[in-house]
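# A look at the structure
Below, each chain spelled out in residue letters.
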Amino acid sequence: MENMESLVADVCRVAREAGHFLKEERKNFSRDAVQAKRAHDYVSYVDRESERRVVEALRQLLPEAGFITEEGSAGWQGERYSWVVDPLDGTTNYIHDVAPYCVSIALRSRDELLLGVVYEPVRDECFYAWKGGGAYVNGVRMHVSDVPSLDEAYLVVELPYDAERYARTGEHLIHRLYGRVAAIRMNGSAALALCYVAAGRYDAWLEAFIGRWDFSAAALMVQEAGGQVTDFYGSPSFLEGHHIVATNGALHGPLLEILREALPAGM
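A quick note: this is a predicted structure, and the numbers were derived from the prediction, not measured. (Residues numbered from 1 in each chain as written. Predicted model: local features only at pLDDT ≥ 70, side-chain atom pairs only at ≥ 80, totals over all residues. Heavy atoms only, no water.)

### Let's talk about the packing of aromatic side chains
One pass over the full model with this rule turns up 8 aromatic pairs. Geometrically, the ring pair formed by Tyr94 and Tyr101 is edge-to-face, given 4.8 Å between the ring centres and 90° between the ring planes. Relative accessible area serves as the criterion here: at 0%, Tyr94 is assigned to the buried category. Ring plane angle 75° and centroid distance 5.3 Å describe the contact between Tyr196 and Tyr202, whose orientation is recorded as edge-to-face. Residue Tyr202 is classed as buried on the basis of its relative accessible area of 9%. Taken together, the ring pairs connect Phe127, Tyr154, Tyr196 and Tyr202 into an aromatic cluster. Cation over ring: Arg26 sits above Tyr94, and NZ or CZ is 5.8 Å from the ring centre. (Phe/Tyr/Trp six-rings, centres within 6.5 Å; stacked < 30°, edge-to-face > 60°. Buried < 20%, exposed > 50% of the residue type's maximum accessible area, 1.4 Å probe, protein only. Lys NZ or Arg CZ within 6 Å of the ring centre and 35° of its normal.)

Here it is as structure tokens:
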């Protein structure tokens, strides 16, 4: 695909417009508008309207592409390219008026990521990358951290909604990492956590039972920023999966070793 940098700029514009919509709606947002998709996993008219706007704009940019979307407003019918859209990543944060939350958009072929854009409206940060072109935030090149060991690591260990299948793994990770690493955090947005790994703010992140719309755009950023992204078993073929580890590279092996001691059932 030619002129990828120009397409990325257009997608950044689309993401910014959707992000500004999210921020404005948050000023008068009511929890009465919230619906539960499943236990502790929520959606509102804001997610759906944001997705509608993003899909409409992306169709104009690349009419031949299909869609993989969180709220299901558009679909993929075997097209060569597909947009992967999360119109509001960090919905629970958004509902509680807590940052971060964001819009995430990726473009992929059948077997690889081509571009990724994540816009965070609270800090007005636009993260973006394209295959072979590097990763950036607001025009500044990103690179993963150079932290060499877990002892110094600032880690994000999210606990997914599926507590029944993940509780043993989550408890094991906390037990093994707490007191050994510099810090353990949870931020509530997979897309932004990955962006922060790419930017060197976090040293590593992992989460299970998430959708392709959660990680696709920002996973490319980690790769383009010099980091490593795999599934929980260390395979680089993570695009169709739902469990992801992203690190600065140096921490990948040690973190996978700890994770493998208590992998969730059914992975």
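### A closer look at the packing of helix H5 (residues 190-198) against helix H6 (residues 212-224)
At a minimum axis distance of 8 Å, the contact between H5 and H6 shows a crossing angle of 0°. As the angle between them shows, H5 and H6 are arranged roughly parallel. Contact with H5, carried on its side by Ala190, Ala191, Leu194, Cys195, Val197 and Ala198, involves Asp214, Phe215, Ala218, Ala219, Met221 and Val222 of H6 and no other residues of that element. Residue composition of the contact of H5 with H6, by class: 11 nonpolar, no polar and 1 charged. (Axes fitted to C-alpha atoms, helices over the stretch in contact; angles between N-to-C directions. Helix = DSSP H or I, 4+ residues; strand = E, 2+ residues; numbered from the N terminus. Parallel < 35°, antiparallel > 145°, perpendicular 65-115°, else oblique. Contact = heavy atoms within 4.5 Å. Nonpolar A, V, L, I, M, F, W, Y, C, P; charged D, E, K, R; others polar.)

### Remarks on the layout of surface pockets
In this structure, the second largest pocket spans a volume of roughly 180 Å³. Taken together, Asp111, Glu112, Leu113, Lys131, Leu220, Gln223, Pro236, Ser237, Phe238, Leu239 and Glu240 form the lining of the second largest pocket. Class assignment for the residues of the lining of the second largest pocket results in 5 nonpolar, 2 polar and 4 charged. (1 Å grid on protein atoms, 1.4 Å probe; cavity = no way out; pocket = protein on both sides within 12 Å on 5 of 7 lines; lining within 4 Å. Points joined across faces, edges and corners; volume = space filled by probe spheres on them.)

### Looking at H6
Because each turn of an α-helix spans 3.6 residues, side chains separated by three or four positions in sequence point in the same direction. Taking 1.5 Å of rise per residue, the 13 residues of H6 would be expected to cover 18 Å, and the 18 Å separating its terminal C-alpha atoms lies within 8% of that figure. The axis of H6 is deflected most strongly, by about 30°, at Ala218. The buried fraction of H6 amounts to 10 of the 13 residues, a majority that puts the element mostly inside the structure. Inspection of H6 places Asp214, Phe215, Ser216, Ala217, Ala218, Ala219, Leu220, Met221, Val222 and Glu224 among the buried residues, and these make up the whole buried set. Downstream of H6 by a residue or two, Gly226 has a phi angle that is positive, lying close to 95°. (Expected span 1.5 Å × (residues − 1). Bend = angle between axes of the 7 residues up to and from the residue.)

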